[in-house]
Amino acid sequence: MGIELNIILAYAFGLILLYIVGYILLIPIKWTMKLMYNGIIGGIVLILLNLIGSFWNIHIAINPITALIAGILGVPGVVLMVVLQYLL
């Protein structure tokens, strides 16, 4: 009554497979958390820019496109929109 090599290999394979599946599922969660963080920070910066920018006549309309740019790119997206508005 001993532990057979097949059982040990099956357990090792199961643990390796569990690790790989966990790693594959962890990557989208990291990306989702990063997008959520960028979206929140970008939205706050966009709102603050509209509030503070009214003194210097800077206004960026909040619509789905600007919200998407600010959400995906975060603060650099808001800066990009300000520069594009100034140039155009």
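Residues numbered from 1 in each chain as written. Predicted model: local features only at pLDDT ≥ 70, side-chain atom pairs only at ≥ 80, totals over all residues. Heavy atoms only, no water.

A.B. asks: So what exactly am I meant to see when it comes to the overall build of the protein chain here?
C.D. replies: Each helix and strand in the protein chain was counted, giving 3 helices and 0 strands. Seen in sequence order, the protein chain has helices and strands lined up from the N terminus as α-α-α. When the backbone C-alpha atoms are referred to their principal axes, the protein chain occupies close to 85 × 20 × 15 Å. Burial analysis of the protein chain (88 residues in total) assigns 15% to the buried set. Considering only contacts in the protein chain between residues 6 or more positions apart, those separated by 24 or more positions represent 54%. (Helix = DSSP H or I, 4+ residues; strand = E, 2+ residues; numbered from the N terminus. Buried < 20%, exposed > 50% of the residue type's maximum accessible area, 1.4 Å probe, protein only. Contact = heavy atoms within 4.5 Å.)

A.B. asks: Help me out: how do you make sense of the environment of L15 in this one?
C.D. replies: The topology assignment puts L15 in helix α1 (residues 5–53). For the pair L15 and V78, spaced 63 residues apart in sequence, the C-alpha separation works out to 45 Å.

A.B. asks: When you look at the packing of α1 against helix α2 (residues 64–73) in this model, what are you seeing that I'm missing?
C.D. replies: Any two packed helices are characterised by the angle at which their axes cross and by the distance between the axes. Axis separation between α1 and α2 bottoms out at 6 Å; the angle between their running directions is 125°. In terms of axis orientation, α1 runs oblique to α2. Viewed along their axes, α1 and α2 form a crossing whose handedness is right-handed. Contacts from L35, N38, G39, G42 and L46 of α1 reach α2 at T66, A70, G71 and I72. When grouped by side-chain class, the residues that make up the contact of α1 with α2 number 4 nonpolar, 5 polar and no charged. (Axes fitted to C-alpha atoms, helices over the stretch in contact; angles between N-to-C directions. Parallel < 35°, antiparallel > 145°, perpendicular 65-115°, else oblique. Left-handed = near helix turned anticlockwise from the far one by under 90°. Nonpolar A, V, L, I, M, F, W, Y, C, P; charged D, E, K, R; others polar.)

A.B. asks: Would you mind going over the packing of aromatic side chains with me for this structure?
C.D. replies: Within a pair of aromatic rings, the relevant descriptors are the distance that separates the centres and the angle that separates the planes. Per the counting criterion, the structure on display carries 1 aromatic pair. Taking the centre distance of 6.4 Å and the plane angle of 80° together, the rings of F55 and W56 count as edge-to-face. Each of the two residues, F55 as well as W56, counts as exposed. (Phe/Tyr/Trp six-rings, centres within 6.5 Å; stacked < 30°, edge-to-face > 60°.)

A.B. asks: What should I look at first to understand the confidence of the model for the protein chain in this one?
C.D. replies: Detailed conclusions should not be drawn from predicted coordinates in areas where pLDDT is low. Taken as a whole, the protein chain shows an average pLDDT of 85; of its residues, 97% reach a score of 70 or greater. Confidence, expressed as mean pLDDT per element, reaches its minimum in the protein chain at α1 with 85 and its maximum at helix α3 (residues 75–87) with 90. (pLDDT = per-residue confidence, 0-100.)

A.B. asks: Whenever I open this one, the environment of V82 confuses me. Can you help?
C.D. replies: Summarising the element assignment, V82 is placed in helix α3. When sequence neighbours within four positions are dropped, the list of residues in contact with V82 reads L49 and I60.

A.B. asks: Please explain the packing of α2 against α3 as it appears in this structure.
C.D. replies: Packing of α2 against α3 leaves a shortest axis separation of 5 Å and a crossing angle of 135°. Comparing their axes, α3 and α2 come out oblique. The residues of α3 that touch α2, namely those facing T66, I69, A70 and L73, are V75, P76, G77, V78, L80 and M81. Taken together, the residues of the contact of α2 with α3 sort by class into 8 nonpolar, 2 polar and no charged.

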